[in-house]
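One letter stands for each residue in the lines below.
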Amino acid sequence: MIAPGHKSELIGLLALLVGAAWAQAGKPPSVSIAPIPLVTAQRTRQTMVDLNFRVASGFHINSNTPKSEFLIPTNLKMDLPTDIILGKIEYPAGKDLAFPFSPDEKLNVYSGDFTIAVAVHPLHAVVPGKYVMHGVLHYQACDNAQCFPPKTLPVSFEVKVVKEPPGPRRNPAQSPHVHN
């Protein structure tokens, strides 16, 4: 049983603990993607698409090439329609930063805004039209004190495939003579 005078102290302590837990939980780590305008891609040509991401303030994610095999790299996986080939995925260079939890070791991370460029290459067999490209960004977010469970962020954008321009036209050989 709680003594009458200690009841308010216990409630105050409980409120303090709940507040501390709430402050630690704070805003969950997140990565978001900016809207991607319609991409026009010509058949038989590779087209680069910039995917602009933002890591929430106060957090960072490991780069695509973290400095330790124990760290989870940021990785984009795309699932494209048949006859549209995925070309190179270009990841930005990360920043080498030290954090309070490991001040002697620098980690290679992304924070704030970063861009991943993806090459899409519609083959000649693709029927002109709009196609939706789907994928996911795998990442692990951390703050200055801890890392959170890995997450995935859905990624999708539309590509309007258009015919390639006609090739050069050849004029049949014309007679150098003037015809009347």
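Preceding this section is the structure that the text describes.
What you are looking at is a predicted structure, and each value in this text was computed from that prediction instead of being measured.

Asker: Quick question: what am I supposed to make of the sheet that holds strand 11 (residues 141–142) here?
Answerer: Paired through their backbone hydrogen bonds, the strands of a sheet run either parallel or antiparallel. The four strands lie next to each other as 7-8-4-11, forming an open sheet whose pairing is antiparallel. Each of the sheet's edge strands pairs with one partner strand only, and the pair in question is strand 7 (95–99) and strand 11. Sheet topology note: the strand 7/strand 8 (residues 102–110) ladder contains five bridges and is antiparallel. From the neighbouring strand, Asp96 faces strand 8, where its bridge partner is Asn108.

Asker: What am I meant to see in the pattern of salt bridges here?
Answerer: Pairing between side chains of opposite charge can happen when the charged atoms of each approach one another. Evaluation of the coordinates by the stated rule reveals three salt bridges. In this structure, the salt-bridge partner of Arg43 is Glu164, at a minimum N-O distance of 3.0 Å. Highlighted residues: Arg43 in the loop between strand 2 (39–42) and strand 3 (47–55) and Glu164 in the segment after strand 12 (151–162), separated in sequence by 121 residues. Its relative accessible area of 23% is what places Glu164 among the partly exposed residues.

Asker: Honestly, the nonpolar core in this entry has me stumped. Any pointers?
Answerer: Across soluble globular proteins, nonpolar side chains have a tendency to be buried as a group. Membership of the largest hydrophobic core comes to 31 residues, with the highest contact counts inside it found for Leu51, Phe53, Leu137 and Phe157. Elements with a contribution of two residues or more to this core: strand 2, strand 3, strand 5 (75–79), strand 9 (113–122), strand 10 (129–139) and strand 12. Top contributing element to this core by residue count: strand 12, with five residues. In contact with Phe53, other than residues within four places in its own chain, are Val31, Ser32, Ile33, Gly112, Asp113, Phe114, Ile116, Leu137, Leu153 and Val155.

Asker: Where do I start with the side chain of Thr74 in this structure?
Answerer: Here Thr74 is to be found in the loop between strand 4 (60–62) and strand 5. Of note is the side chain of Thr74, whose polar atom sits 2.4 Å from the backbone oxygen of Asn62. Aside from chain neighbours lying at most four places away, what touches Thr74 is Ile61, Asn62, Ser63, Asn64, Tyr91, Tyr110, Leu137, His138 and Tyr139.

About the criteria used
Residues numbered from 1 in each chain as written. Predicted model: local features only at pLDDT ≥ 70, side-chain atom pairs only at ≥ 80, totals over all residues. Heavy atoms only, no water. Pairing = 2+ DSSP bridges. Helix = DSSP H or I, 4+ residues; strand = E, 2+ residues; numbered from the N terminus. Salt bridge = Lys/Arg side-chain N within 4 Å of Asp/Glu carboxyl O. Buried < 20%, exposed > 50% of the residue type's maximum accessible area, 1.4 Å probe, protein only. Core = buried A, V, L, I, M, F, W, Y, C linked by side-chain atoms within 4.5 Å. Contact = heavy atoms within 4.5 Å. Polar contact = N/O pair within 3.5 Å; in protein donor to acceptor, adjacent residues only side chain to side chain.

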